[in-house]
Amino acid sequence: VEDATLVAAVLAGRRECFETLVERHQRTVHALAYRWLDDHAAADEVVQATFLQAYTHLVDFRGEASFRSWLCGIALNQARTQRRARQRARTVSLDEVPEAALPQVDASAPETELRDRLRRLVGELPPRQRAVVTLRVGSDLSFRDIARLEGISENSAKVSYHHAVTRLRTWLRGRG
Amino acid sequence: MAAGAGLMWRGWTCRRLSGRLVDLADGTLDAAERSRLTSHLARCSDCAAAVAALQDVPALLREAEDPPGGEGFWRAQRDAIMQGVRGLPPPAASLPHGRGYRARGPGWMAWAPALAAAAVVVAAVVLRAPPPAPERAVVPATGVETLDDPTLLSLSDLAGSSMPDVERGADVLEDDRPLPELSNDELDALAQLVGVRER
């Protein structure tokens, strides 16, 4: 059953059909949020907020793009809001935090090194490039859908992606 | 100098190719364009390295996925979402049954009838308004030099014969024909507009 059919069914009163949409897309939304926030608990919150907002505003889904793309747009906004809130909350100086409360780096886990570095580096990309990479690699959206979500041209989305990837490659080679 | 120009040209070309290199790495180019780009890559190490990065880095990023758990995690998350959903009113509660999902046109289309009615009203107001002040009222009578200005002279000469706007305005003022009849939709939209204005 196509997503659009399920959306129509939910709007016609069959609320249980929404669970199929959640099941289909929760991993995509979680991957997007996790890439954006680098935190499973925060990503989980974004997933829940995204689906609740999607349900509430289901009548706004116009079917111009795929449901997944529409959902990713909501998720990206939620993740951005969450990230801004976290940045505001991080006004406490690290010096004020007890040593035991600081995250511990596990030096004996080299297999996670590349993964951690990549996540950190994606987080350091300029916002537009981070969004494009996250939507492309994390959510597998087409450049057309990404362009629509970001309000840019398809070629601009590709150029941003190109810059992001070459920057990540340079950073991976040159930084630890 | 020539080498500098060559580098500049190459940089310009490469920037233009940026999006195409992404397509090449994704394998979405047709054969002719792929061949053209491949021959460029043979001459341009920067673009060749970019294509390699466009193939390798996304693969690394996908490998770096860190899924949070097994099916139990997703099941629990789904349950939590559906519990939240059950506490919400139905999304289409305010719409007639089955009317919720539809492909909609641009938002301005909803305003089209009101805009059409507004255009009719504006046209009526303009056509019924008093005629604009005559052109000569703005001509300063300052002297022969001014009147000798060829532009002003041509205006004076034309006033009696080919000043179409002035002539037409006078005709319309004396025209007692009724305005075009409005449709019900236009009248409704007009009533709405008037209501808004009165508020």
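Residues numbered from 1 in each chain as written. Chains lettered and ligands numbered in written order. Predicted model: local features only at pLDDT ≥ 70, side-chain atom pairs only at ≥ 80, totals over all residues. Heavy atoms only, no water.

The N-to-C vectors of helix H3 (residues 40–56) of chain A and helix H4 (residues 71–86) of chain B enclose an angle of 40°; their axes lie 10 Å apart at closest approach. On the basis of the axis angle, H3(A) is oblique to H4(B). Like other packed secondary-structure pairs, H3(A) and H4(B) cross with a definite hand, here right-handed. For the pair H3(A) and H4(B), the contacting residues are A:Asp44, A:Val47, A:Gln48, A:Phe51, A:Leu52 and A:Tyr55 in the first and B:Phe73, B:Gln77, B:Ala80, B:Ile81, B:Gly84 and B:Val85 in the second. Looking at the contact of H3(A) with H4(B) residue by residue, the class counts come to eight nonpolar, three polar and one charged. (Axes fitted to C-alpha atoms, helices over the stretch in contact; angles between N-to-C directions. Helix = DSSP H or I, 4+ residues; strand = E, 2+ residues; numbered from the N terminus. Parallel < 35°, antiparallel > 145°, perpendicular 65-115°, else oblique. Left-handed = near helix turned anticlockwise from the far one by under 90°. Contact = heavy atoms within 4.5 Å. Nonpolar A, V, L, I, M, F, W, Y, C, P; charged D, E, K, R; others polar.)

This next bit is on the interface of chain B and chain A. Contacts between chain B and chain A engage 47 residues on the former and 53 residues on the latter. In this structure, the salt-bridge partner of A:Lys158 is B:Asp23, at a minimum N-O distance of 2.9 Å. At the boundary of chain B with chain A, the tally comes to 13 residue pairs in polar contact (both at pLDDT 80 or more). Residue assignment for the side of chain B that touches chain A shows that the elements contributing at least two residues are helix H1 (2–26), helix H3 (45–63) and H4 of chain B. (Salt bridge = Lys/Arg side-chain N within 4 Å of Asp/Glu carboxyl O. Polar contact = N/O pair within 3.5 Å; in protein donor to acceptor, adjacent residues only side chain to side chain.)

Residues and elements named next belong to chain A. Within the chain, Asp 38 stands out as a residue other than glycine whose phi angle is a positive 55°. As for its position among the elements, Asp 38 is in the loop between helix H2 (17–37) and H3. Despite not being glycine, Asp 140 has its phi angle at roughly 60°, a positive value. Looking at where Asp 140 falls in the secondary structure, it is placed in the loop between helix H6 (127–138) and helix H7 (143–150).

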